[in-house]
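The residues making up each chain are set out below.
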Amino acid sequence: PKYPSREVFLGVEPDFVFSTEESAFAKEALGSQSELLKLGISSYLLPIECDRPELRPERVTMENLYQEIREIGQIFAVEQRAENLIVQLRSQLQATQQKLGKVTTKKRIFWYDSEDPPVTASNWGIPNHIIELAGGENIFKDIQEKKAWVTVNWEDVIARQPDVIVLIDANWSSAEEKRRLLKSNPAYSQLKAVQQDKFIVIGFSYTMPGIRNVAGVRQLAEALYPEKFK
């Protein structure tokens, strides 16, 4: 549920740290990468989480995921295994895209990551790319910030009237809690998606940059367009 304390972390005498989140290297967590290196502990942070926005890609796509796999393959001298995994993921994604075919009218998605005020997906990160690959359209795709998750307000959500609400299921913000909030607040009943129970649940780990993203695309595509996957 949380990072180990620095004492517990150092107590297991790690050689290497891998993280997809910059927060792992905060002072109150494991400590900075440069501090760890002084202790003989190497580390890898997903490049899109670099603390210098100018070094981040213009937009995050599956290509960033494949590059990460390649780099980890190089670090551990298992380059061929990395390439094999990339081939598998590309093949799985292609199979989903073939089933999906051309989507003429895209379902408009409100990606509800955590509550209140709501945190959603900008057009930059992997959640937005998952929506695109699954044949949907992010209602907040106009937010151009170089960070995957952004805070918005309920007035904007209601004004944009999504067709479907994707509820992200996480330990700290369950899909059920979010559904309950949407169903119990009279203001949110203005959302047709709430009135019509147009909810899709996806686990948080499928939405973080990593090897589950391809499966996340499949889950979302099947839920949005079940007729295409019969």
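Report follows, based on the coordinates. Keep in mind that what you see is a predicted model, and the values were worked out from it rather than measured.

### Structural notes on the pattern of salt bridges
Stage number 1. If you walk through the whole model with that rule in mind, you get ten salt bridges.
Stage number 2. A salt bridge links Glu-83 to Arg-70; its shortest N-O distance comes to 2.9 Å. Taken as a pair, Glu-83 in helix H4 (residues 79–100) and Arg-70 in helix H3 (residues 62–75) lie far apart in primary sequence, 13 residues in all.
Stage number 3. Residue classification places Glu-83 among the partly exposed residues on the basis of a relative accessible area of 29%.
Stage number 4. Lys-147 serves as the salt-bridge partner of Glu-145, at 3.3 Å between the closest nitrogen and oxygen.
Stage number 5. For Glu-145, a relative accessible area of 41% puts it in the partly exposed group.

### Topic: helix H9 (residues 213–224)
Stage number 1. If you check H9, its first and last C-alpha atoms are 16 Å apart, about what twelve residues at 1.5 Å a residue would give, namely 16 Å.
Stage number 2. Among the residues of H9, those classed as buried are Asn-213, Val-214, Gly-216, Val-217, Leu-220, Ala-221 and Leu-224. Seen end-on, H9 carries its buried residues on one side only, within an arc spanning 155°.

### Focus on the packing of H4 against H9
Stage number 1. The geometry of H4 relative to H9 is characterised by a closest axis approach of 9 Å and an angle of 15° between their N-to-C directions. Between H4 and H9, the angle falls in the class roughly parallel. Of the two elements, H4 crosses H9, and the hand of that crossing is left-handed. On H9, the residues that touch Leu-89, Gln-92, Leu-93, Ala-95, Thr-96, Lys-99 and Leu-100 of H4 are Val-214, Val-217, Arg-218 and Ala-221.
Stage number 2. Its residues assigned to classes, the contact of H4 with H9 shows seven nonpolar, two polar and two charged.

### Notes on unusual backbone geometry
Stage number 1. Phi at Ala-77 takes a positive value of approximately 55°, unusual for a residue other than glycine.
Stage number 2. As for its placement among the helices and strands, Ala-77 is situated in the loop between H3 and H4.
Stage number 3. A positive phi angle, close to 55°, is found at Asp-197, a residue other than glycine.
Stage number 4. Inspection of the secondary structure assignment puts Asp-197 in the loop between helix H8 (192–195) and strand S8 (199–203).
Stage number 5. On the basis of relative accessibility, which here comes to 44%, the residue Asp-197 falls in the partly exposed class.

### Structural notes on helix H7 (residues 175–184)
Stage number 1. Residues of H7 that are buried include every one of Ala-175, Lys-178, Leu-181 and Leu-182, and no others. Taken around the axis of H7, the buried residues stretch over an arc of 125°, which confines them to a single face.
Stage number 2. Buried-residue contacts for H7 involve strand S3 (107–112), helix H6 (154–160), strand S7 (164–169), H8 and S8.

### Focus on the environment of Leu-220
Stage number 1. With respect to the helices and strands, the residue Leu-220 is situated in helix H9.
Stage number 2. For the pair Leu-220 and Arg-81, spaced 139 residues apart in sequence, the C-alpha to C-alpha distance is 28 Å.
Stage number 3. Beyond its immediate stretch of four places on either side in the chain, Leu-220 contacts Trp-111, Ile-130, Ile-131, Ala-134, Val-166, Ile-200 and Ile-202.

### Concerning the nonpolar core
Stage number 1. Membership of the largest hydrophobic core comes to 40 residues, with the highest contact counts inside it found for Met-62, Trp-111, Val-166, Leu-220 and Leu-224.
Stage number 2. Here Val-166 is in contact with Ile-109, Phe-110, Trp-111, Tyr-112, Ile-200, Ile-202 and Leu-220, once residues within four sequence places are set aside.
Stage number 3. In terms of nonpolar packing, the next biggest core, distinct from the first, is built from 20 residues, Phe-140, Ile-143, Ile-158 and Ala-193 among them.

### Brief notes about the side chain of Asp-113
Stage number 1. When you line up the elements, Asp-113 lands in the loop between S3 and strand S4 (119–121).
Stage number 2. Buried charge Asp-113 goes without a salt bridge, the closest partner of opposite sign being Lys-178 at 6.4 Å.
Stage number 3. Side-chain polar atoms of Asp-113 contact the side chain of Trp-149, separated by 3.2 Å.

### Considering the pairing of strand S1 (residues 16–19)
Stage number 1. Because side chains alternate across S1, one face comprises the buried residues Val-17 and Ser-19, and the other comprises Phe-16 and Phe-18, none of which is buried.
Stage number 2. Two strands pair when backbone bridges link them, and S1 and strand S2 (residues 42–45) are joined in this way by four bridges, in the parallel orientation. Each residue of the ladder has a partner; that of Phe-16, found in S2, is Ser-42.

The rules behind the values
Residues numbered from 1 in each chain as written. Predicted model: local features only at pLDDT ≥ 70, side-chain atom pairs only at ≥ 80, totals over all residues. Heavy atoms only, no water. Salt bridge = Lys/Arg side-chain N within 4 Å of Asp/Glu carboxyl O. Helix = DSSP H or I, 4+ residues; strand = E, 2+ residues; numbered from the N terminus. Buried < 20%, exposed > 50% of the residue type's maximum accessible area, 1.4 Å probe, protein only. Expected span 1.5 Å × (residues − 1). Arc of directions from axis to C-beta. Axes fitted to C-alpha atoms, helices over the stretch in contact; angles between N-to-C directions. Parallel < 35°, antiparallel > 145°, perpendicular 65-115°, else oblique. Left-handed = near helix turned anticlockwise from the far one by under 90°. Contact = heavy atoms within 4.5 Å. Nonpolar A, V, L, I, M, F, W, Y, C, P; charged D, E, K, R; others polar. Core = buried A, V, L, I, M, F, W, Y, C linked by side-chain atoms within 4.5 Å. Lys, Arg positive; Asp, Glu negative; His and termini not counted. Polar contact = N/O pair within 3.5 Å; in protein donor to acceptor, adjacent residues only side chain to side chain. Pairing = 2+ DSSP bridges.

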